[in-house]
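Letter by letter, the chains look like this.
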Amino acid sequence: MMKEIVQDRLNKMEDLQQRRLLKNLMTGVFLNLVEYQEQMVSGLERRVFEEIGEMDDRHDVYVTMCHRSDFDPIHEYLYPMLPEDVEPTWIDLGGRMAALQEGQGGRLFRLFLELETEQIREIIQLGTEFEGEIVTNEGQYPIRVTLQPCLDYIQEIEKLYDVFQKNGLAWKSLHHPYAYKFVDVMLVGWKEAMPSEAEEIVEISLDLGAYGAYQRPELIPLWNIEKLARKNSGFPVPAVDRVNYEHVLSLKNTGTEHGYLVDGEEANIRYIKRTEDELTIVSPQEKSGIWHLWKITRPVTAVLHKSQYPLVSNRRQDSFLGRYTANQGQIIRSQGEIRRIIHSFDCAQGIELDDIEILQRHYPLAAHAESSTACTYPLNTFINDQIRMEKYKPVMRLQFRLASQIASGEQFILDDLLSFLVAEVQMVFPEYVCEGEWT
């Protein structure tokens, strides 16, 4: 900065002799002092950052979606949430018919709806029956179906939370807007004749009426988590306590830059130590065995991959204030802290927190839900607050607005983005019921 100012002043001098003298003076003495000062300031900044440590981004989760036919099995960091999703769909027609006769209904397949999550919930709550058709190798059969919530991917998120707990790591809400937009297509009856159990299904089509334009079959959600099975490097050695054993897993073959979580029975895992090249599991298990790992792969920026749906994550921006706050055990309960939490995430770009209201609730939670203008929904429902009773908590209403234009392909996940940001505020302020709305 100072160099540019000096250069600008020199260029404005009309007397070339004076400009030459001043330039020699500045170059010989002053600019050297400026460079020395800049080096010292940069060194001080580096030392301050090193003292508070780096932000650990090895456990950030990235998610997106792709069509089953477009899935790349050798992708650098994206894997299917459910490995069976990449296999061709096969429906046991006999099993579905048997379940239907017992009054249970049977799931035909999962279906993604490119709608806002609240709209999908309203469709499901109405219990509307839709018409469809099953085409077999013998003929065509009209059917009746309903839609139910698909919990398969939400349960995977809950499993990930459990693994975080086993590894003693702080949980950060998962920004997965797609997991809540899948529905199960349930067979509820046949309009006319029924096929025989020996027939094979060739095709299934649905008529969802006004929502037909939003159905997206054959989509699978992807994330940067891969499940591995690894054996000990050598034999277990007694731990310091002389009761448990240390099982060492080498990370050189799978990549030391990635995050790793150990999954297994809690009784078999006392605690876990991570070094740069190894993962040490302290366990009462005396013999070597196979350990199941969740590898959270660090994304690669330059990859030959383009998805129709945005790649989103729960990654925080790397900043001095963010690093400092992460090392502090105290929580600053102020509007400024809430704004810092929200705008610390990469995904919050283009969104501004307008206002915060605290509403004292003097009526049941159900009545509040009916009158609320909130467009968010809770993400961490598997985390229970056993101290505070939900129905007596005041409401913290966070009001947001769009500060920049959002791409058309991301409009339908805006409410899911708010739900993620509000969920992170909820983690810090458990004494409130946090909800978000657009202004």
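A brief structural summary. Because the structure is a prediction, the values reported are computed rather than measured. (Residues numbered from 1 in each chain as written. Predicted model: local features only at pLDDT ≥ 70, side-chain atom pairs only at ≥ 80, totals over all residues. Heavy atoms only, no water.)

## Here's the deal with the packing of aromatic side chains
By convention here, two paired aromatic rings are described through the distance between centres and the angle between planes. What the rule picks out here adds up to 15 aromatic pairs. Each member of the aromatic cluster is reached from another via a ring pair, and the members are Phe112, Tyr153, Tyr178, Phe182, Tyr309 and Phe412. (Phe/Tyr/Trp six-rings, centres within 6.5 Å; stacked < 30°, edge-to-face > 60°.)

## Some details on helix H5 (residues 152-166)
Taking 1.5 Å per residue as the helical rise, H5 with its 15 residues ought to reach 21 Å, and the 21 Å between its terminal C-alpha atoms agrees with that figure. Contacts from the buried residues of H5 go to strand S3 (106-113), strand S6 (182-190), strand S9 (219-223), strand S10 (225-231), strand S13 (259-263) and strand S16 (290-296). Phi for Gly168, located one or two positions after H5, is positive at around 70 degrees. (Helix = DSSP H or I, 4+ residues; strand = E, 2+ residues; numbered from the N terminus. Expected span 1.5 Å × (residues − 1). Contact = heavy atoms within 4.5 Å.)

## Brief notes about the pairing of S6
Burial of S6 is extensive: eight of the nine residues sit out of reach of the surface. Direction of pairing for S3 relative to S6: antiparallel, over a ladder of six bridges. Within S6, the position partnered with Gly106 by the bridge is Leu187. Bridge analysis of strand S5 (residues 140-149) against S6 gives seven bridges, and the strand direction is antiparallel. In the strand pairing of S6, Val145 is matched with Leu187. (Buried < 20%, exposed > 50% of the residue type's maximum accessible area, 1.4 Å probe, protein only. Pairing = 2+ DSSP bridges.)

## Re the packing of helix H7 (residues 335-343) against helix H9 (residues 414-428)
At a minimum axis separation of 9 Å, H7 and H9 run at an interaxial angle of 135 degrees. Regarding the angle of H7 to H9, the classification is oblique. Judged by the twist between their axes, the crossing of H7 over H9 is right-handed. Between H7 and H9, the contacting residues are Ile338, Ile341 and Ile342 on the first element and Leu421, Glu424, Val425 and Val428 on the second. When the residues that make up the contact of H7 with H9 are grouped by side-chain class, the tally is six nonpolar, no polar and one charged. (Axes fitted to C-alpha atoms, helices over the stretch in contact; angles between N-to-C directions. Parallel < 35°, antiparallel > 145°, perpendicular 65-115°, else oblique. Left-handed = near helix turned anticlockwise from the far one by under 90°. Nonpolar A, V, L, I, M, F, W, Y, C, P; charged D, E, K, R; others polar.)

## Description of the nonpolar core
By size, the foremost hydrophobic cluster in this structure holds 55 residues, and its most contacted members are Leu160, Trp223, Ile338, Leu398 and Val425. Elements supplying a minimum of two residues to this core: strand S1 (62-67), H5, S9, S16, H7, strand S18 (351-359), strand S19 (395-402) and H9. Ranked by the residues each element gives to this core, the list is headed by H9, at eight residues. With residues near it in sequence (within four places) discarded, Trp223 still touches Val61, Tyr62, Val63, Tyr77, Leu78, Tyr79, Pro80, Met81, Glu156, Leu160, Leu174 and Trp294. Residues Ile134, Leu187, Trp190 and Leu206 belong to the second largest nonpolar core, which totals 23 residues. (Core = buried A, V, L, I, M, F, W, Y, C linked by side-chain atoms within 4.5 Å.)

## A closer look at the pattern of salt bridges
Charged atoms that come close allow side chains of opposite charge to pair. Inspection of the entire model under this criterion finds 20 salt bridges. Measuring nitrogen to oxygen at the nearest pair gives 3.1 Å for the salt bridge that ties Lys166 to Asp263. Highlighted residues: Lys166 in helix H5 and Asp263 in strand S13, separated in sequence by 97 residues. Across the pair Asp346 and Arg315 runs a salt bridge whose closest N-O atoms are separated by 2.5 Å. (Salt bridge = Lys/Arg side-chain N within 4 Å of Asp/Glu carboxyl O.)

## So, the side chain of Thr254
With respect to the element layout, Thr254 can be found in the loop between strand S12 (245-250) and S13. Each residue touching Thr254, except ones within four places of it in the same chain, is listed here: Leu228, Arg230, Tyr260 and Lys295.

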